[in-house]
Amino acid sequence: MCPSDDDRRTKDPTPDGEATPGGGGPLEHHAGAILDSIADGVFTVDGDWKIVSFNRAAERITGIPRDEALGRHCWEVFRASICESACALRETMTSGEPVIDRSIYIVRADGRRIPVSVSTALLRDSNGEIIGGAETFRDLSVVEELRRELAGRYSFADMISKNHVVQGIFDVLPDIGASMTTVLIQGESGTGKELVARAIHGESPRKDGPLVVVNCGALPDTLLESELFGHKAGAFTDAKKDRPGRFTLAQGGSVFLDEIGDISPALQARLLRVLQDGSYEPLGGTATLHSDARVIAASNKNLSEMVERGDFRKDLFYRVNVVTIDLPPLRDRREDVPLLIDHFVEHFNSLRGKEIGGVSPDVLEILVRHDYPGNIRELENIIEHAFVMCRSRTIRARHLPPYLGVTREKREGKEPASLDEAEQRFLRAILERNGWNRAATARELGIHKTTLWRKTAITTFIPVRIRNHSTHTAIVPSSGHPFNFPRCNELCVRSAADALGTGAALCGHGPHGAVEGSMGGREGRDRP
Amino acid sequence: MTTLSRAHVMRVGIPWWGGRVSPVLDTAERLLVAEREDGEWVLGREVLLGRSSLPERAARIAGLGLDAIICGAISRPLAGLLESSGARVIPWISGTVEDVLNGFARGELGRKRYLMPGCCREQGRGRGRHRRRGGGSGRRAAE
């Protein structure tokens with residue numbers, strides 16, 4: 001792009017939509033022709049952020065005709081994910097530095113999200129004064145399509161997995177979707193039950209109808225009844241007008257009843273009737289309505305066990321449990337963790353306008369080993385946390401949430417200096433995992449607890465005072481976590497005493513009380 | 001039966017940014033909830049949407065019990081999530097919040113001056129559900 005041409009164009013923007021990339025003079029006509037010949041979208045703005053030129057590719061990518069774009073604020077036209085929070089053009093206008101190839105998405109007038117990469121530059125007049133900015137953007141839809149095509153082997157709808165159990169589910173989902181039967185999806189929280197429900201709906205002949213989601217566990221019983229079946233005006237104090245229920249809203253589509261195991265026995269009976277013959281009455285109404293919505297249910301509880309305990313109606317269970325999908329927890333499909341990490345990194349890159357390439361090998365190791373009680377949702381939160389903390393191109397251990405148990409050494413990237421140090425770290429990690437219970441730790445390691453003491457006492461423990469036994473000294477780990485003291489253990493105390501150089505047992509053989517407090521290290525033994 | 005009449009309070013949500021309607025609801029960080037009673041806008045409060053995911057965002061907005069959500073651009077997935085939760089969305093609106101709220105009250109949001117570029121919805125046409133609810137509610141509120 002020729003700066004002088006841009007200068008002439010941006011000096012006199014015409015908000016009424018008369019400005020064209022070509023402008024008036026011959027040079028400006030040339031500039032317009034050049035801009036229109038470029039495959040990338042280009043627009044320029046004046047100092048008021050109003051668009052003064054908009055090339056043909058920009059029209060094609062955004063779906064907005066040039067005459068509608070000119071003179072409008074750039075955010076009304078470009079509608080990018082970063083307009084509000086991290087505008088690339090504003091960044092360039094502020095810093096003077098261009099932005100190169102930042103991956104974002106825009107929203108076209110038809111609601112499609114288009115992935116694009118943007119680059120920006122300043123526009124200056126002949127005196128070097130800033131008079132506006134230029135933004136070029138490249139449509140990455142095709143690249144994205146190809147990437148999805150390649151990744152498609154491991155994905156279905158918005159789900160990703162190469163685990164054989166989940167792959168088996170992917171195989172049957174199209175058939176389940178087409179079958180129109182009631183489906184029960186079981187799995188722990190965060191395993192992706194709603195994604196499966198959406199995939200089933202998307203594969204069904206009702207895919208053009210609505211998918212209405214109801215979280216049965218999030219609402220009290222009376223509210224849930226009104227939510228599901230609707231109510232008539234005057235049915236209760238705040239019912240000022242008729243309100244359709246979710247079953248009515250889901251006509252021609254599907255209704256997804258999440259956490260169905262949480263509904264009360266009374267509501268279970270009403271739900272059974274809907275599942276049996278599709279009929280129900282709104283709260284406060286007398287006329288019977290009919291629902292043709294397909295029901296997809298999900299539960300993080302084992303419904304068959306609930307039936308055995310009498311907490312869930314057996315007849316409703318059999319109505320719901322026509323086809324059951326059991327989603328494995330993430331800890332049983334660790335091979336998916338790297339795939340999911342890549343997926344979330346890409347997701348947050350496009351959401352946050354960042355360019356993070358991935359995670360470091362030690363982070364990958366930590367994440368693969370983690371047990372994920374919160375399943376995939378937890379992994380997503382971990383990556384999101386790391387995105388907030390990370391200012392470089394690679395997520396490192398120090399960017400992870402502290403609860404993952406990343407040691408200070410690991411955060412600082414220090415490797416153990418010796419085999420002994422590595423052994424100490426390993427033993428400490430196992431002790432922490434077992435809540436500092438030495439017996440449980442020894443059992444897990446398959447060694448005698450005295451061996452464990454011998455291996456850990458010298459370097460790990462410090463003396464503290466014990467309540468009710470002011471003359472006695474006991475030991476706690478240096479982290480400050482007290483051990484259980486079911487009875488005095490002379491061996492360990494002696495080991496600690498040896499380590500402290502006293503050469504004497506610090507502990508008597510009386511009963512131990514609660515730990516009063518850490519003395520803060522070896523020197524602490526001299527304190528009162 | 002309880003009458004609606006004058007006691008009815010209308011609640012409208014608008015994602016806002018610098019006094020204007022946010023360009024994209026999918027990434028808007030703040031939502032203004034305006035309440036209209038007896039033909040006047042009486043109360044406004046702000047709800048932080050932050051950088052939540054689309055399902056979280058949809059659940060958050062749907063949970064506010066709004067009569068309508070007036071917004072700028074909105075992606076199909078988010079529009080689908082909001083509509084499936086029963087929310088009424090009036091999309092592709094631009095301008096200052098004050099202007100848009102008054103336009104909504106007068107039932108004029110279908111006019112071109114309120115629409116984002118590239119949106120061809122016209123007065124009395126277009127996506128009936130959105131227009132009808134926006135305009136109809138506004139008129140009723142203005143009475």
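Residues numbered from 1 in each chain as written. Chains lettered and ligands numbered in written order. Predicted model: local features only at pLDDT ≥ 70, side-chain atom pairs only at ≥ 80, totals over all residues. Heavy atoms only, no water.

### Let's talk about the sheet that holds strand S5 (residues 130-139) of chain A
All names here are of chain A. Pairing is antiparallel in the open sheet, where five strands are placed in the order S2-S1-S5-S4-S3. Each edge of the open sheet is held by one strand with a lone partner, namely strand S2 (51-54) and strand S3 (102-107). On average, each strand axis in the sheet is tilted by 35° relative to the strand beside it, whichever way the strands run. Looking at chain direction, strand S1 (residues 41-45) and S2 are connected through three bridges and run antiparallel. (Pairing = 2+ DSSP bridges. Helix = DSSP H or I, 4+ residues; strand = E, 2+ residues; numbered from the N terminus. Axes fitted to C-alpha atoms, helices over the stretch in contact; angles between N-to-C directions.)

### What to know about the state of the cysteines
In protein structure, a disulfide is the covalent linkage between the sulfur atoms of two cysteines. If you walk through the whole model with that rule in mind, you get zero disulfides over all chains. A disulfide-free cysteine, A:Cys87 has its sulfur positioned 5.8 Å from the sulfur of A:Cys74, the nearest such atom. (Disulfide = S-S within 2.5 Å.)

### Comments concerning the pattern of salt bridges
Inspection of the entire model under this criterion finds 27 salt bridges over all chains. Taking the shortest distance from any N to any O, the salt bridge between B:Glu46 and B:Arg30 comes out at 2.8 Å. Here B:Glu46, found in strand S4 (residues 40-48), pairs with B:Arg30, found in strand S3 (residues 30-37); they are 16 residues apart in sequence, far enough to count as distant. Classification of B:Glu46 as partly exposed rests on a relative accessible area of 37%. Taken together, the salt bridges that share partners define one network made up of A:Arg72, A:Glu76 and B:Arg20. (Salt bridge = Lys/Arg side-chain N within 4 Å of Asp/Glu carboxyl O. Buried < 20%, exposed > 50% of the residue type's maximum accessible area, 1.4 Å probe, protein only.)

### A word on the sheet that holds strand S9 (residues 211-215) of chain A
Residues and elements named next belong to chain A. Spatial ordering of the open sheet is given by S9-S12-S15-S8-S16, a layout of five strands whose pairing is parallel. Lying at the two open borders of the sheet, with one neighbouring strand each, are S9 and strand S16 (323-326). For this sheet, the mean angle separating the axes of adjacent strands, direction not counted, is 20°. Bridging between strand S12 (residues 254-258) and strand S15 (residues 294-299) involves four bridges; their strand directions are parallel. Considered in S15, the bridge of Ser 254 is made with Arg 294.

### A word on the packing of aromatic side chains
Each aromatic ring pair is characterised by the separation of its centres together with the angle its planes make. Residue and element names in this part refer to chain A. Under the counting rule described, the total for this entry stands at 10 aromatic pairs over all chains. Ring centres of Phe 229 and Tyr 280 lie 5.6 Å apart, and the angle between their planes is 35°; on these two criteria the pair is classed as tilted. With Phe 229 in helix H10 (residues 221-229) and Tyr 280 in strand S13 (residues 279-280), this pair connects stretches of sequence that are 51 residues apart. Feature note: the residues Phe 43, Phe 78 and Phe 137 constitute an aromatic cluster, connected by ring pairs. Arg 113 extends its terminal NZ or CZ atom over the ring of Tyr 105, reaching a point 4.0 Å from the ring centre. (Phe/Tyr/Trp six-rings, centres within 6.5 Å; stacked < 30°, edge-to-face > 60°. Lys NZ or Arg CZ within 6 Å of the ring centre and 35° of its normal.)

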